[in-house]
Amino acid sequence: MKWPFGVRTSPATETSERSFRDVVMPHLDSAYALARWLVRDPHLAEDVVQDAILRGLSYFASFRGGDERAWLMRIVRNTAYSALAARARSKGRPVSSYESLDDAAALEVVDPGDDPELALIRQAERAALEQAILALPVELRECLVLKEFEELSYKEIATITGVPIGTVMSRLWRARRTLQDRMLEGASHDA
Amino acid sequence: MTPEQCSELALLIQADIDGELPAAEAANVAKHVEACPSCATLQQDLLELSGRIREIRSPTAPPALKAAIAERLGAPAPRRPAAGRRAWFAGGLSLGVALAASLLVFAWLPKADMAPDVVVAAHIRALQPSHLMDVVSTDQHTVKPWFAGRLPFSPPVKDLTAQDFKLVGGRLDYLPGQTAATLIYQRRQHLIDLFVWPTPPTPDKAPANGSREGYNFFRWQAGGMTFWAVSDLNSQELAQFANAWR
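Residues numbered from 1 in each chain as written. Chains lettered and ligands numbered in written order. Predicted model: local features only at pLDDT ≥ 70, side-chain atom pairs only at ≥ 80, totals over all residues. Heavy atoms only, no water.

**Comments concerning the overall build of chain B**
As a reminder of what qualifies: Secondary structure elements follow DSSP: runs of H or I of four or more residues count as helices, runs of E of two or more count as strands, with numbering from the N terminus. Throughout, exposure labels follow a simple rule: accessible area from a 1.4 Å probe, protein chains only, divided by the maximum for the residue type, with under 20% read as buried, over 50% as exposed, and the rest as partly exposed. To be clear on the numbers: accessible area is Shrake-Rupley with a 1.4 Å probe, and residue cover counts the displayed protein chains and nothing else.
Counting secondary structure elements, chain B contains 9 helices and 7 strands. Each of the 246 residues in chain B was classed as buried or not, and the buried ones make up 46%. When the accessible area of chain B is evaluated, it comes to approximately 12000 Å², of which 57% is carbon and sulfur surface.

Below, the structure written as structure tokens:
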């Protein structure tokens, strides 16, 4: 991993006891998950997190306290958007399906209570739902992911995505309706 | 209830399953759902979808990434040394090769055309953690007196909160041949450094605005002072800032 500058970290201000490290380290999983859902590529997601940490370092001096996770997630989200824009400029190739998020999905142990056939069906449904989420427009996807996986409030999601709460609500609504439609379509194809 | 009213309720039903409704409103929604089969179906579908989404395992950061970041950020750093030359000097050094060139330029050629490089370099250096502010305050009546006794001049300090440029603090900068009072303003995530010093007897030949290394700058003079505003903010908004200040 290469870092452009030999930056050192230290507390933002004399009044702040919390270092950048204290703020960032507990939220790396959330940061990576958001990056991964947004850019849909494991390597790019790692780059996004690294870049976001660097950006965070330079903003940290102005961080006034408050919700640390939302602060970091907002930087990650904006960095992911920059990365997506850069990638669109460089290739602009539409993608029809995405690498599974769960690298270990194939090895997942099924619930021993289920009969094997039913377990396989469930696993396939889960994979289909995951693909349907990944296929959502990014502005719907980010709201859904922040709500369902990060369990953030509408207000926090609004802060991170930089849109009003009403917009968060309607995006969540559209995301969920789209997923329901996709799942129904999938079911009727199988039948 | 008519279907139109029900469709207005959809967002409330969603807010209810998302745990966003105060108790009284949640009770209203529950009452309606009990009496309205289509809303009951909607609620059931949303709950089921939510449950199924949560069965998907959201990815976690790879251990190698965590380790790299942890190593990069190091152990919790010691408290900063007292503000002033030492901190400034250490900051300049830690920037490393990227800025060495501008620092050299800085030392050898402190004349007019280099001024944009000098102030942009000072701005970049200040963005390093703990070098941004010596006095942290959003109050112009705190920031202005702080400079008294630290500088041979008294810089004007303005509150531009109404124009959406928030004053966040101030610091001293030691530029070649010049001590500057620096005011820090913020718009969104962008920080603006406003360097202020008394206008020298020989006027500056530097351009009034431009950009260096992705940072925009504006220069103007007023009341015997020279002002340099530097930021990664886009040049339009930075021009707004300069105009608001003038």
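The rest of the description comes next.
**Topic: the packing of aromatic side chains**
Heads up, the rule is: Put simply, two rings from Phe, Tyr or Trp (the six-membered ring, in Trp's case) pair if the centres are within 6.5 Å, and we call them stacked under 30 degrees between planes, edge-to-face over 60, tilted for the rest. Put simply, a charge is over a ring when the Lys NZ or the Arg CZ is close to the ring centre, within 6 Å, and near the line of the ring normal, within 35 degrees.
As enumerated under the stated definition, the model contains 10 aromatic pairs over all chains in all. Measuring from centroid to centroid gives 5.1 Å for Trp 37 of chain A and Phe 149 of chain A, while their planes differ by 10°, and the two rings are stacked. Note that Trp 37 of chain A is positioned in helix H2 (residues 28-39) and Phe 149 of chain A in the loop between helix H6 (138-148) and helix H7 (154-161), a separation of 112 residues in sequence. A relative accessible area of 0% means that Trp 37 of chain A is categorised as buried. Seen in terms of ring centroids, Trp 220 of chain B and Phe 227 of chain B are 5.4 Å apart; in terms of plane orientation they differ by 10°. Their pairing is stacked. When its relative accessible area of 2% is taken as the criterion, Phe 227 of chain B is described as buried. Of the aromatic side chains, those joined through ring pairs into one cluster are Phe 20, Phe 60 and Trp 71 of chain A. Here the guanidinium or amino end of Arg 77 of chain A rests over the ring plane of Tyr 81 of chain A, the centre of that ring lying 4.1 Å away. Above the plane of the ring of Phe 165 of chain B lies Arg 187 of chain B, whose end atom (NZ or CZ) is 4.0 Å from the centre.

**Observations regarding the confidence of the model for chain B**
As a general rule, the predicted coordinates of low-pLDDT regions are not to be interpreted in detail. Residues and elements named next belong to chain B. The criterion, for reference: Looking at any residue, its pLDDT shows the predictor's confidence there, from 0 to 100. By definition in these notes, contact holds between two residues if any of their heavy atoms fall within 4.5 Å.
Looking at chain B as a whole, its pLDDT mean stands at 78, while 78% of the residues score no less than 70. Element-level pLDDT for chain B is lowest in helix H5 (residues 85-94), with a mean of 45, against a maximum mean of 93 in helix H3 (residues 37-55). In this model residues 77-93 is a low-confidence stretch, pLDDT under 50, and it forms 26 contacts with partners more than four residues away in sequence or in other chains. Here residues 101-112 scores under 50 on pLDDT; set against residues more than four positions off or in separate chains, the count is 16 contacts.

**Regarding the pattern of salt bridges**
Close approach of charged atoms allows side chains with opposite charge to pair. Operational definition: Think of a salt bridge as a Lys or Arg side-chain nitrogen and an Asp or Glu carboxyl oxygen that are within 4 Å of each other.
Under the definition given, this model contains 16 salt bridges over all chains. Glu 148 of chain A serves as the salt-bridge partner of Arg 54 of chain B, at 2.7 Å between the closest nitrogen and oxygen. Residue Arg 54 of chain B is located in helix H3, and its partner Glu 148 of chain A is located in helix H6; the two belong to separate chains. Judged by its relative accessible area of 37%, Arg 54 of chain B falls in the partly exposed class. Put simply, Glu 148, Glu 151 and Arg 176 of chain A together with Asp 18 and Arg 54 of chain B are held in one network by salt bridges that share partners.

**A word on the environment of Lys 147 of chain A**
Within the secondary structure layout, Lys 147 of chain A lies in helix H6. Sequence spacing of Lys 147 of chain A and Ile 157 of chain A is 10 residues, and the spatial spacing of their C-alpha atoms is 7.6 Å. If we ignore the near neighbours within four places in the chain, the residues touching Lys 147 of chain A are Leu 152, Ser 153, Tyr 154, Ile 157, Leu 172 and Arg 176 of chain A together with Asp 18, Glu 20 and Arg 54 of chain B.

**A closer look at the UniProt feature "domain: Putative zinc-finger" (unreviewed entry) in chain B**
Condition: UniProt positions are given in the numbering used here, feature names are shortened, and annotations may be inferred rather than shown by experiment.
The residues that UniProt annotates with the feature "domain: Putative zinc-finger" (unreviewed entry) are residues 6-40 of chain B. When the span residues 6-40 of chain B is considered, its composition is 83% helix and 0% strand, and the gap between its end C-alpha atoms is 11 Å.

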